[in-house]
Amino acid sequence: HQKPEVDPFTHQEADQIIEYLYANNAGPERIYAAYAHFAFWTGMRTSEILALTWNDIDWNRGVAMVSKTRIRGQLSHKTKTNKTREVFLNTPAKKALYEAKKLTYKLGEQVFRSPRTGEAWLTDKPPRVVFTAALKALGIRHRRTYNTRHTYATQCLMAGMTPAFVANQLGHSVIVLLTTYAKWLHGEESNREMEKLKVILEKA
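In short, a report on the structure. (Residues numbered from 1 in each chain as written. Predicted model: local features only at pLDDT ≥ 70, side-chain atom pairs only at ≥ 80, totals over all residues. Heavy atoms only, no water.)

### Let's talk about the nonpolar core
Alright, step 1. Within the largest apolar cluster, 49 residues are counted, with the highest numbers of intra-cluster contacts made by Ile 17, Phe 38, Phe 40, Phe 112 and Tyr 181.
Alright, step 2. If you tally residues by element for this core, the top one is helix α2 (residues 31-42), at 10 residues.
Alright, step 3. The residues contacting Phe 112, other than those within four sequence positions of it, are Ile 31, Ala 34, Tyr 35, Phe 38, Ile 49, Leu 52, Ala 100, Ala 120 and Trp 121. (Core = buried A, V, L, I, M, F, W, Y, C linked by side-chain atoms within 4.5 Å. Buried < 20%, exposed > 50% of the residue type's maximum accessible area, 1.4 Å probe, protein only. Helix = DSSP H or I, 4+ residues; strand = E, 2+ residues; numbered from the N terminus. Contact = heavy atoms within 4.5 Å.)

Structure (structure tokens):
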């Protein structure tokens with residue numbers, strides 16, 4: 001089985017999508033915006049987000065504990081790599097959780113829930129449908145919602161964060177991270193090196 005090509009959204013596209021979803025979903029339906037917002041800025045797998053509970057959030061330390069997944073509706077108390085990890089919550093991720101808390105905290109453990117029934121989402125189909133409609137409305141090239149994970153990974157690497165830290169946040173080994181995102185890891189460095197050559201050529 002060949003893995004789908006890594007095809008992240010740009011930072012600008014991510015901002016446009018998040019802004020659109022908040023602007024076009026009122027009341028309980030703002031959970032769709034909070035879901036995408038959280039996905040873009042944590043890089044968590046879809047299955048991990050669906051299994052996330054409020055007990056997994058440590059507000060004082062600013063981390064989310066990732067210890068379980070929900071796949072095809074079935075909850076599993078283990079991750080894809082069979083390792084529990086802590087995902088540090090940056091400011092956008094916290095904002096997304098604060099939005100979700102207003103909507104679902106009193107309904108039960110699960111963070112992300114149907115705005116119509118109040119029940120936990122068993123699959124990512126409901127937010128995926130809304131996300132895809134947002135891409136179409138904005139004229140943004142279609143990519144899978146899973147690419148929110150790739151977006152976070154590439155943004156972290158381009159910001160200069162160490163591969164070991166990013167790999168730990170994503171639940172990858174460093175080798176897998178380097179193999180998957182080598183293009184973005186070396187992209188900025190390559191551009192800087194080519195700029196050095198440009199200076200020499202201009203002087204010639």
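### A short note on the sheet that holds strand β2 (residues 63-66)
Alright, step 1. Here we have 3 strands laid out as an open sheet, ordered β1-β2-β5, and antiparallel in their pairing. The open sheet has two free edges, formed respectively by β1 (57-58) and β5 (85-88), since each of these has just one partner strand.
Alright, step 2. As paired elements, β2 and β5 share 4 bridges and run antiparallel to each other. Looking across to β5, one finds that Met 65 is bridged to Glu 86. (Pairing = 2+ DSSP bridges.)

### With respect to the packing of aromatic side chains
Alright, step 1. Within this structure, the stated rule accounts for 12 aromatic pairs.
Alright, step 2. Residues Tyr 35 and Phe 112 carry aromatic rings whose centres are separated by 5.3 Å and whose planes lie at 85° to one another, so their mutual orientation is edge-to-face. One end of the pair, Tyr 35, is in helix α2; the other, Phe 112, is in the loop between α4 (91-104) and α5 (125-138), and 77 residues separate them in sequence.
Alright, step 3. Relative to Phe 165, the ring of Phe 88 lies with its centre 6.1 Å away and its plane at 35°, an arrangement referred to as tilted. Highlighted residues: Phe 88 in strand β5 and Phe 165 in helix α7 (residues 163-170), separated in sequence by 77 residues.
Alright, step 4. By relative accessible area, which is 39% here, Phe 88 ends up partly exposed. (Phe/Tyr/Trp six-rings, centres within 6.5 Å; stacked < 30°, edge-to-face > 60°.)

### Observations regarding the pattern of salt bridges
Alright, step 1. Taken as a whole, this structure holds 12 salt bridges when the rule is applied.
Alright, step 2. Each of Asp 7, Glu 13, Arg 141 and Arg 143 takes part in a single network of salt bridges with overlapping partners. (Salt bridge = Lys/Arg side-chain N within 4 Å of Asp/Glu carboxyl O.)

### With respect to the packing of α2 against α5
Alright, step 1. Running from amino to carboxyl end, α2 crosses α5 at an angle of 90°, the nearest separation of the two axes being 10 Å. Taken as axis vectors, α2 and α5 run roughly perpendicular relative to one another. Of the residues in α5, those in contact with Tyr 32, Tyr 35, Ala 36 and Phe 40 of α2 are Pro 126, Pro 127, Val 130 and Phe 131.
Alright, step 2. Looking at the contact of α2 with α5, its residues break down into 8 nonpolar, no polar and no charged. (Axes fitted to C-alpha atoms, helices over the stretch in contact; angles between N-to-C directions. Parallel < 35°, antiparallel > 145°, perpendicular 65-115°, else oblique. Nonpolar A, V, L, I, M, F, W, Y, C, P; charged D, E, K, R; others polar.)

### Side note on the environment of Ile 31
Alright, step 1. Position of Ile 31 among the secondary structure elements: in helix α2.
Alright, step 2. With relative accessibility at 1%, the residue Ile 31 sits in the buried group.
Alright, step 3. For Ile 31 and Ala 96, which are 65 residues apart along the polypeptide, the C-alpha to C-alpha distance reads 8.9 Å.
Alright, step 4. In this structure Ile 31 touches Ala 100, Leu 103, Thr 104, Val 111, Phe 112, Arg 113, Pro 115 and Trp 121, once residues within four positions along its chain are discounted.

### Considering a nonpolar patch on the surface
Alright, step 1. Among the surface-exposed residues, Phe 88, Met 161 and Phe 165 lie close enough to one another that they form a single nonpolar patch of about 240 Å² accessible area.
Alright, step 2. Using a relative accessible area of 33% as the deciding quantity, one classes Phe 165 as partly exposed. (Patch = residues over 30% accessible without salt bridge, like charges linked within 9 Å, V, L, I, M, F, W, Y side chains within 5 Å. Areas by Shrake-Rupley, 256 points an atom, 1.4 Å probe, with all protein chains shown as cover.)

### Side note on the pairing of β2
The side chains of a regular strand alternate between the sheet's two faces.
Alright, step 1. Relative to β2, β1 is paired through 2 bridges, and the arrangement is antiparallel. Across the sheet, the residue bridging to Ile 57 is Ala 64, located in β2.
Alright, step 2. Here β1 hands over to β2 after 4 residues, with Gly 62 in that stretch at a positive phi of 70°.

### Details of unusual backbone geometry
Alright, step 1. With a phi close to 50°, Arg 72 is a non-glycine residue in the positive phi region.
Alright, step 2. As for its placement among the helices and strands, Arg 72 is situated in the loop between β3 (69-71) and β4 (74-76).
Alright, step 3. You can call Arg 72 exposed: its relative accessible area is 76%.

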